Amino acid sequence: MNGLVIKNTGSWYLVRTDDGKNIECKVKGNFRLKGIRSTNPIAVGDRVSIVENNEGTALITEIEDRKNYIIRRSSNLSKQSHILAANIDLCFLIVTINHPVTSTVFIDRFLASAEAYRVPVNLIFNKTDVYTEEETEYMDALIDLYNHIGYPGLKISALEKDGIEALQEKIKGKITLFSGHSGVGKSTLINTLIPNTGLKTGAISGYHGKGMHTTTFSEMIELSQGGFIIDTPGIKGFGTVDMEKDEIFHFFPDIFKFSKDCRFHNCIHINEPDCAVRAAVEKHYISESRYKSYLNMMEEEADEKYRK
């Protein structure tokens, strides 16, 4: 029997079979995915084969090949990774300029990982109803920057329901992942898009200005107009996985575009002579924030190799 994994609680998986039945499943004891050291060998969005037992539950025995997935380094500082979701048509990274702040480094790490695993990403800039004039100008500048690179941006206020109709059109009939920091309004947004979902919404911690976790597991929520939203727990940081130092620039489309004009084919765009990428940064063809994010990821990769 085949089906779609629609919920992952850590110990159990809820699978919707092709004939529309929901069955609680466990993973067969020796189940491992080749080449991926992950805390969760099965992810929401996976297509799987299952074998039912007499208790009305089932064992997951096989996973179909994935078209893509979003993966990040596990938060417990181990060398393992955590797959947020698989087989995604579209991903929305929810960003807030304030309450809490989403840094460009976080955005760029997420986008680079999505590029590496072939996941198309749009940006949602939420909480437009609470920004100062200066914050709104900064938001508009970021939207221009990412639009130019190829990541469309959408301005919304989930609380005031501004921009929701345009978003509903984009997600119709698709499997869409929603991700972002805790506190960016993800649960409020999903409750707005799918009334009666009843997702808990959390307050912002006044001391740190950061969100507190309300979603504790990944889940697919069905849309009345067709398709699913994948809701995932809020993430504090986004550690990238399995990126070699000399390939990181491949996942920055704006940097990759200029890299072919570098003097050396193995240029990593830090201090090599006649580097077209650094020249493009100086001429503002590549934004400084994007280049800083690239350097940040390069430094992390170097630290990892040193620790090993």
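Residues numbered from 1 in each chain as written. Predicted model: local features only at pLDDT ≥ 70, side-chain atom pairs only at ≥ 80, totals over all residues. Heavy atoms only, no water.

A. A look at the pairing of strand 8 (residues 90-95). The buried fraction of strand 8 amounts to six of the six residues, a majority that puts the element mostly inside the structure. Going residue by residue along strand 8, you find Leu90, Phe92 and Ile94 tucked away on one face and Cys91, Leu93 and Val95 tucked away on the opposite face as well. Pairing of strand 8 with strand 11 (residues 175-180), which is carried by five bridges, proceeds in the parallel orientation. By the bridge assignment, Leu93 is partnered in strand 11 with Ser179. In terms of strand pairing, strand 8 meets strand 9 (residues 121-125) through five bridges, oriented parallel. Each bridged residue has a counterpart across the sheet, and for Val95 the counterpart in strand 9 is Phe125. Crossover handedness for the path strand 8 to helix 1 (residues 104-116) to strand 9: right-handed. (Buried < 20%, exposed > 50% of the residue type's maximum accessible area, 1.4 Å probe, protein only. Helix = DSSP H or I, 4+ residues; strand = E, 2+ residues; numbered from the N terminus. Pairing = 2+ DSSP bridges. Right-handed = clockwise from strand over helix to strand, strands pointing away.)

B. Just the nonpolar core, in detail. Counting 33 residues, the largest nonpolar core has Ile70, Leu93, Val121, Leu123, Phe125, Tyr146 and Met220 as the members making the most contacts within it. Elements supplying a minimum of two residues to this core: strand 1 (2-8), strand 7 (81-86), strand 8, helix 1, strand 9, helix 2 (133-149), strand 11 and strand 15 (228-231). Both of domain 1 (2-65) and domain 2 (72-77 + 84-231) provide at least three residues apiece to this core. Of all hydrophobic cores here, the second largest spans 28 residues; its members include Ile268, Val277, Ala280 and Val281. (Core = buried A, V, L, I, M, F, W, Y, C linked by side-chain atoms within 4.5 Å. Domains from an automatic or database assignment.)

C. Structural view of the packing of helix 3 (residues 164-171) against helix 4 (residues 186-193). One can describe the packing of helix 3 onto helix 4 by two numbers: an axis separation of 11 Å at closest approach and a directional angle of 80°. Comparing their axes, helix 4 and helix 3 come out roughly perpendicular. Of the residues in helix 4, those touching helix 3 at Ile164, Leu167, Gln168 and Ile171 are Leu189, Thr192 and Leu193. Grouping the amino acids of the contact of helix 3 with helix 4 by side-chain chemistry returns five nonpolar, two polar and no charged. (Axes fitted to C-alpha atoms, helices over the stretch in contact; angles between N-to-C directions. Parallel < 35°, antiparallel > 145°, perpendicular 65-115°, else oblique. Contact = heavy atoms within 4.5 Å. Nonpolar A, V, L, I, M, F, W, Y, C, P; charged D, E, K, R; others polar.)

D. Local environment of the environment of Cys25. Considering the arrangement of structural elements, one finds Cys25 in strand 3 (residues 22-27). On the basis of relative accessible area, Cys25 is assigned to the buried category, the value being 0%. Apart from the residues within four sequence positions on either side, Cys25 is in contact with Trp12, Tyr13, Val15, Ile50, Ala58 and Ile60.

E. Region of interest: the side chain of Asn126. Mapped onto the fold, Asn126 is located in the loop between strand 9 and helix 2. Given the relative accessible area of 2%, Asn126 is considered buried. Engagement of the side chain of Asn126 in a polar contact is seen with the backbone oxygen of Val184, the distance being 2.9 Å. Beyond its immediate sequence surroundings of up to four residues, Asn126 is in contact with Ile94, Val95, Thr96, Tyr131, Ile156, Ser157, Ala158, Val184 and Gly185. (Polar contact = N/O pair within 3.5 Å; in protein donor to acceptor, adjacent residues only side chain to side chain.)

F. The pairing of strand 5 (residues 58-63), seen in detail. Where strand 3 meets strand 5, three bridges bridge the pair, whose relative direction is parallel. Across the sheet, Lys26 pairs through a bridge with Leu59, a residue of strand 5. Bridge count for strand 4 (residues 47-52) against strand 5 is five bridges, and the pairing is antiparallel. Bridging across to strand 5, Ile50 finds its partner in Ile60. Adjacent in sequence and paired antiparallel, strand 4 and strand 5 are bridged by five residues, among which Gly56 carries a positive phi angle near 90°.

G. Region of the structure containing unusual backbone geometry. In the segment running from His99 into Pro100, the intervening peptide bond is cis, with an omega of -5°. Relative to the assigned elements, Pro100 resides in the loop between strand 8 and helix 1. The backbone of Asp274 shows a phi angle near 55°, a positive value even though the residue is not glycine. With respect to the helices, strands and loops of the structure, Asp274 is situated in the loop between helix 5 (253-259) and helix 6 (276-282).

H. Up close: the pattern of salt bridges. Following the criterion strictly, the structure yields 12 salt bridges and no others. In this structure, Arg16 engages Glu222 in a salt bridge whose closest nitrogen and oxygen atoms are separated by 2.8 Å. Of this pair, Arg16 sits in strand 2 (residues 13-17) while Glu222 sits in strand 14 (residues 218-222), and the two are 206 residues apart along the sequence. When its relative accessible area of 24% is taken as the criterion, Arg16 is described as partly exposed. When its relative accessible area of 46% is taken as the criterion, Glu222 is described as partly exposed. A salt bridge links Arg47 to Asp18, with the nearest nitrogen and oxygen atoms 3.0 Å apart. Note that Arg47 is positioned in strand 4 and Asp18 in the loop between strand 2 and strand 3, a separation of 29 residues in sequence. (Salt bridge = Lys/Arg side-chain N within 4 Å of Asp/Glu carboxyl O.)

I. Representation of the confidence of the model for the protein. Per-residue confidence for the protein gives a mean pLDDT of 85, with 82% of residues at or over 70. Predicted confidence for residues 201-215 stays below pLDDT 50, and this span has 33 contacts to residues more than four positions away or in other chains. (pLDDT = per-residue confidence, 0-100.)

J. The arrangement of helix 3 in detail. Inspection of helix 3 places Ile164, Leu167 and Ile171 among the buried residues, and these make up the whole buried set. Angular distribution of buried residues about the axis of helix 3 spans 60°; they occupy a single face of the element. Away from the buried face of helix 3 by more than 90 degrees, exposed residues Glu165 and Glu169 are located. Its buried side turned inward, helix 3 meets strand 8, strand 9, strand 10 (153-155), strand 11, helix 4 and strand 15. In the segment just after helix 3, Gly173 is the residue with positive phi, at about 75°. (Arc of directions from axis to C-beta.)

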